[in-house]
Amino acid sequence: MSRLPYNVERRIKSNIETAKCSVHEKHPNVIFTQQGCKVSCCCEKFRKETIAKCEKAIGEALKEEIFKPLKGLR
């Protein structure tokens, strides 16, 4: 997997890391690597929720990066 542009990764990371675990009141840690992203959380339930948010955010960012150059065409 190739990496997303740095500014997109940073935006996703900062958005995801603002969330707090409802049980432990801790923030997740997101690290983007060449193979994808790694998510560290205080508990497995919060980790699953955070991974789902990451997947959704990455999908939306990819869609935006693909369609941005095509907006002016018609």
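What counts, and at which threshold
- Residues numbered from 1 in each chain as written.
- Predicted model: local features only at pLDDT ≥ 70, side-chain atom pairs only at ≥ 80, totals over all residues.
- Heavy atoms only, no water.
- Helix = DSSP H or I, 4+ residues; strand = E, 2+ residues; numbered from the N terminus.
- Buried < 20%, exposed > 50% of the residue type's maximum accessible area, 1.4 Å probe, protein only.
- Disulfide = S-S within 2.5 Å.

J.: Got a sec to walk through the overall build of the chain? Specific residues and values, please.
T.: In terms of helices and strands, the chain carries 2 helices and 2 strands. Listed by position from the N terminus, the elements making up the chain come as α-β-β-α. For the chain, the spread of C-alpha atoms along the three principal axes comes to 50 × 25 × 15 Å. Put simply, the chain has 74 residues, and 27% of those count as buried.

J.: Outline the state of the cysteines, supporting the account with residue identities and numerical values.
T.: Applying the stated criterion across every chain yields a total of 0 disulfides. Among the cysteines around cysteine 37, which has no disulfide bond, cysteine 54 carries the closest sulfur, lying 4.5 Å off. Cysteine cysteine 43 remains unbridged, with the sulfur of cysteine 21 as its closest cysteine sulfur at 3.8 Å.

Limitation: the analysis is restricted to geometry and does not speak to function.
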